[in-house]
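# Close look at the chain arrangement
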Amino acid sequence: MAGGGGGTGTGSGSGPGPGPAEQDVEPAAPERVLFPPTFSVSEIKNKQRRHFMFLRWKQQQRKEKLALKKKRRKEREALGDKAPPKAIPKTIENQRIYDETTVDPNDEEVAFDIATDEFAPYFNRQTVPKILITTSDRPRGRTVRFCEQLSTVIPNSHVYYRRGLALKRIIPQCIARDFTDLIVINEDRKIPNGLVLSHLPDGPTAHFRMSSVRLRKEIKRKGKAPTEHVPEVILNNFTTRLGHSIGRMFASLFPHDPQFIGRQVATFHNQRDYIFFRFHRYIFKSEKKVGIQELGPRFTLKLRSLQKGTFDSKFGEYEWIHK
Amino acid sequence: MHSDDIVWDTLGNKQFCSYKIRTKTQSFCRNEYNLTGLCNRSSCPLANSQYATIREEKGRCYLYMKTIERAPFPRRLWERVLLSKNYEKALEEIDENLIYWPRFIRHKCKQRFTKITQYLIRIRKLTLKRQRKIVPLSRKIERREKRREEKALIAAQLDNAIEKELLERLKQDTYGDIYNFPIHAFDKALQQQDAESESESDMEKEDDDEDKDKREFVEADDSDLSDFEDMDKLETSSEEEQEDEEETEKKATHCKSKGKTPLKGPTRRKRPYIEIEYEEETEPATKTKVS
């Protein structure tokens with residue numbers, strides 16, 4: 001009957017008058033409000049009543065869902081051991097198709113590549129990383145401070161401000177002064193939003209979009225300033241070929257031998273193509289527990305393009321571009 | 001000429017002029033033939049039948065002139081003269097063309113011409129430098145990327161991942177001698193007696209504790225050894241009975257002073273050795289001699 005009342009309300013365009021009347025009727029049978037299957041809330045012309053009916057419908061849906069859950073839980077308890085295993089929720093990580101370009105450390109080709117690519121000198125300990133950090137033209141306060149903090153995080157790095165110099169002319173000078181890497185932080189509307197990482201003696205150039213940059217003072221519960229010790233590096237989830245080369249790029253920024261006394265660790269964690277950078281200080285409270293405290297800036301990177309040679313926007317040969 | 005006054009009286013001052021823009025302090029004239037850009041009696045191209053301007057097209061400057069004789073012929077109203085590229089020559093040309101014209105118009109024409117050449121020079125200089133490329137952001141894509149980043153951050157569970165990795169590294173002995181945790185130190189003690197003696201010499205202050213430990217040790221297998229950091233064996237024996245945390249906390253504070261290497265997991269199997277410790281009651285005696 002209550003459902004019938006709702007049905008006749010359709011198309012009548014009635015005002016709030018019949019509405020309260022129906023309300024009085026329906027609470028009389030609160031649990032058993034049944035909407036007839038042909039009834040659709042969207043057919044009521046009156047907005048107030050339509051809204052009211054929709055809320056009512058939603059409540060009912062929720063109740064049914066809850067009842068279903070309870071029933072299932074009871075069944076599960078009743079079965080005890082024989083109960084079917086709990087369903088694992090599907091996540092993107094579970095459902096991902098296996099990527100053929102995943103790096104297999106035993107693969108010959110990969111091993112050959114590793115031995116002969118541009119980072120081989122670094123990994124053979126022939127070169128010591130020396131980083132030059134710079135920005136785009138006329139950096140604003142936030143970018144400047146970010147550059148300073150970044151240079152405290154990465155050992156052996158120098159910040160130079162670009163006063164209208166062309167990158168193409170900076171690069172030969174850097175190579176002449178033995179710099180191994182160049183980082184350019186691009187700024188837009190007073191916040192840093194891009195990062196170009198270029199390995200210098202004609203190494204690959206990676207262009208990233210940078211987001212959620214947090215300076216040290218914006219981090220909650222942060223520790224003291226990062227010391228001069230060489231931090232450890234953690235690279236997570238760089239599994240595919242592309243990821244592997246990017247991971248090696250990041251690794252080559254830091255000197256080879258971390259000073260464990262400093263207890264600092266820089267993490268590059270790749271998740272769904274977003275690379276999260278964090279800088280922590282850790283302390284082992286026991287052999288099963290470790291405490292970490294975040295110091296240093298944090299930011300997120302997303303790779304936009306990987307170029308084969310050094311930075312050259314017009315004639316560069318692109319290995320990979322994000323579509 | 002008298003029509004100029006009428007035009008100014010109506011358009012300029014009192015009624016609507018579509019080229020006029022008023023701001024709080026000033027009014028401007030949007031007419032493309034205006035010489036100064038302001039809305040004045042002497043600058044209005046509509047209210048002056050004898051008028052001249054300088055306009056620039058594709059990098060070349062032209063002098064435009066309007067005289068009252070051509071007022072009824074709108075198509076031929078403005079006469080255009082190309083000025084030379086040379087600045088001084090062009091100024092002379094302006095003077096020559098506007099020879100008997102009012103001083104105001106001549107002066108303003110030359111000023112405008114100067115300004116135009118200056119900005120043309122600047123354009124040419126800037127195009128040689130690097131141009132900043134302006135890339136449009138698609139709002140939909142930006143929103144999508146932001147949302148995905150948030151979800152990726154939640155899925156990443158960074159703190160857990162980092163902690164796990166660090167513990168892995170600890171297990172695999174990458175930290176070498178720095179950290180000293182009970183089980184590992186215990187194994188070290190088992191493997192090298194020398195290391196133990198060295199650590200004992202380090203821990204001279206804890207001799208009394210050692211004695212106490214031994215005493216308790218002999219009396220009953222008590223677990224009140226939490227305060228003592230010295231003997232590995234004794235500590236590991238208390239481990240069995242107690243939780244590690246109190247000891248290891250204190251150990252962590254002294255971790256750098258100790259010279260024992262942490263060892264791997266399988267050392268757990270060496271727990272029975274603790275019982276062997278029970279047998280070696282004579283050792284404490286020897287150790288007291290050493291210390």
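Structural data are supplied above this passage.
Here goes a summary of the coordinates provided.

Reading guide: rules and limits
Residues numbered from 1 in each chain as written. Chains lettered and ligands numbered in written order. Predicted model: local features only at pLDDT ≥ 70, side-chain atom pairs only at ≥ 80, totals over all residues. Heavy atoms only, no water. Helix = DSSP H or I, 4+ residues; strand = E, 2+ residues; numbered from the N terminus. Buried < 20%, exposed > 50% of the residue type's maximum accessible area, 1.4 Å probe, protein only. Contact = heavy atoms within 4.5 Å. Areas by Shrake-Rupley, 256 points an atom, 1.4 Å probe, with all protein chains shown as cover. Phe/Tyr/Trp six-rings, centres within 6.5 Å; stacked < 30°, edge-to-face > 60°. Axes fitted to C-alpha atoms, helices over the stretch in contact; angles between N-to-C directions. Parallel < 35°, antiparallel > 145°, perpendicular 65-115°, else oblique. Left-handed = near helix turned anticlockwise from the far one by under 90°. Nonpolar A, V, L, I, M, F, W, Y, C, P; charged D, E, K, R; others polar. Patch = residues over 30% accessible without salt bridge, like charges linked within 9 Å, V, L, I, M, F, W, Y side chains within 5 Å. Salt bridge = Lys/Arg side-chain N within 4 Å of Asp/Glu carboxyl O. Lys, Arg positive; Asp, Glu negative; His and termini not counted. Charge placed at Lys NZ, Arg CZ, Asp CG, Glu CD. Core = buried A, V, L, I, M, F, W, Y, C linked by side-chain atoms within 4.5 Å. Pairing = 2+ DSSP bridges. Buried area = accessible area lost by both parts, 1.4 Å probe. Polar contact = N/O pair within 3.5 Å; in protein donor to acceptor, adjacent residues only side chain to side chain.

Right, let's get into the overall build of chain A. In terms of regular secondary structure, chain A is built from nine helices and ten strands. A burial count over chain A gives 41% of its 323 residues as buried. Long-range pairs, those at least 24 residues apart, make up 64% of the contacts in chain A between residues at least 6 apart in sequence. Accessible surface for chain A amounts to roughly 19,400 Å². Of this, 54% is attributable to carbon and sulfur atoms.

In this section: the packing of aromatic side chains. Residue and element names in this part refer to chain A. Within this structure, the stated rule accounts for 13 aromatic pairs over all chains. With a centroid separation of 5.7 Å and 25 degrees between ring planes, the pair formed by Phe208 and Phe250 is classed as stacked. Here Phe250 lies in helix 9 (residues 241-251) and Phe208 lies in strand 5 (residues 205-214), a separation of 42 residues in the sequence. Given the relative accessible area of 0%, Phe208 is considered buried. With a relative accessible area of 2%, Phe250 lands in the buried category. Ring centres of Phe277 and Phe299 lie 4.8 Å apart, and the angle between their planes is 20 degrees; on these two criteria the pair is classed as stacked. Here the residue Phe277 occupies a position in strand 8 (residues 274-284), and Phe299 occupies one in strand 9 (residues 290-307), the gap between them amounting to 22 residues. Classification of Phe277 by relative accessible area gives buried; the value is 2%.

For the rest of this paragraph, the subject is the packing of helix 5 (residues 108-116) of chain A against helix 9 of chain A. To describe two helices that pack against each other, one gives the angle between their axes and the distance between the axes. Residues and elements named next belong to chain A. Orientation of helix 5 relative to helix 9, taken along the N-to-C sense of each, is 25 degrees, at an axis distance of 12 Å. Relative to helix 9, helix 5 is oriented roughly parallel. Two packed elements cross with a definite hand, and for helix 5 against helix 9 that hand is right-handed. Residues Glu109, Val110, Asp113 and Ile114 of helix 5 lie in contact with helix 9, whose contacting residues are Arg241, His244 and Arg248. A class-by-class count of the residues in the contact of helix 5 with helix 9 yields two nonpolar, one polar and four charged.

With that out of the way, let us pick up a positive patch on the surface. Residues Lys58, Arg62, Lys65, Lys69, Lys70, Lys71, Arg72, Arg73, Lys74, Arg76 and Lys86 of chain A make up a contiguous surface patch of positive charge. One can find Lys71 of chain A in helix 3 (residues 47-79).

Let's shift gears to the nonpolar core. Residues Ile185, Phe208, Ile246 and Phe250 of chain A are the most contacted members of the largest nonpolar core, which totals 33 residues. The next biggest cluster of nonpolar side chains, apart from the first, holds 24 residues, and it includes Tyr33, Leu35, Trp78 and Ile105 of chain B.

For the rest of this paragraph, the subject is the pairing of strand 3 (residues 181-188) of chain A. Residue and element names in this part refer to chain A. Counting buried positions over the eight residues of strand 3 gives six, a clear majority of the element. Direction of pairing for strand 1 (residues 131-135) relative to strand 3: parallel, over a ladder of five bridges. Among the inter-strand pairings, Ile133 is bridged to a residue of strand 3, identified as Ile183. Here eight bridges tie strand 3 to strand 4 (residues 191-199), and the two strands are oriented antiparallel to one another. From the neighbouring strand, Asp188 faces strand 4, where its bridge partner is Ile191.

Once that is clear, we can look at unusual backbone geometry. With the exception of glycine, most residues fall at negative phi, and the peptide bonds are largely trans. Residue and element names in this part refer to chain A. Notably, Arg263 is not glycine yet its phi reads approximately 55 degrees, a positive angle. Despite not being glycine, Asp273 shows a phi value in the positive range, around 75 degrees. Locating Asp273 in the fold gives a position in the loop between strand 7 (264-271) and strand 8. Using a relative accessible area of 55% as the deciding quantity, one classes Asp273 as exposed.

Moving on to the packing of helix 2 (residues 87-97) of chain B against helix 3 (residues 103-128) of chain B. Residue and element names in this part refer to chain B. Interhelical geometry of helix 2 versus helix 3 gives an angle of 155 degrees and a closest axis separation of 10 Å. Between helix 2 and helix 3, the angle is such that the two are roughly antiparallel. Here helix 2 and helix 3 pass one another in a crossing that is right-handed. Touching Tyr87, Ala90, Leu91, Ile94 and Asp95 of helix 2 are Arg106, Cys109, Lys110, Phe113, Thr114 and Thr117, all from helix 3. Grouping the amino acids of the contact of helix 2 with helix 3 by side-chain chemistry returns six nonpolar, two polar and three charged.

This next bit is on the interface of chain B and chain A. Residue-level contacts link 33 residues of chain B with 35 residues of chain A. Summed over both partners, the interface of chain B with chain A comes to about 3,100 Å²; 58% of that surface belongs to carbon and sulfur atoms. Broken down residue by residue, the surface that chain B buries against chain A is led by Arg130, Glu149 and Ile162 of chain B, which jointly contribute 19%. For the interface between chain B and chain A, the tally reads three salt bridges. One salt bridge connects Arg169 of chain B with Glu232 of chain A, and the closest N-O pair in it is separated by 3.0 Å. The interface formed by chain B and chain A includes eight residue pairs in polar contact (both at pLDDT 80 or more). Elements supplying a minimum of two residues to the side of chain B that touches chain A: helix 4 (139-156), helix 5 (158-171), helix 6 (182-191) and helix 10 (245-254) of chain B.

Shape descriptors only; they carry no functional weight alone.
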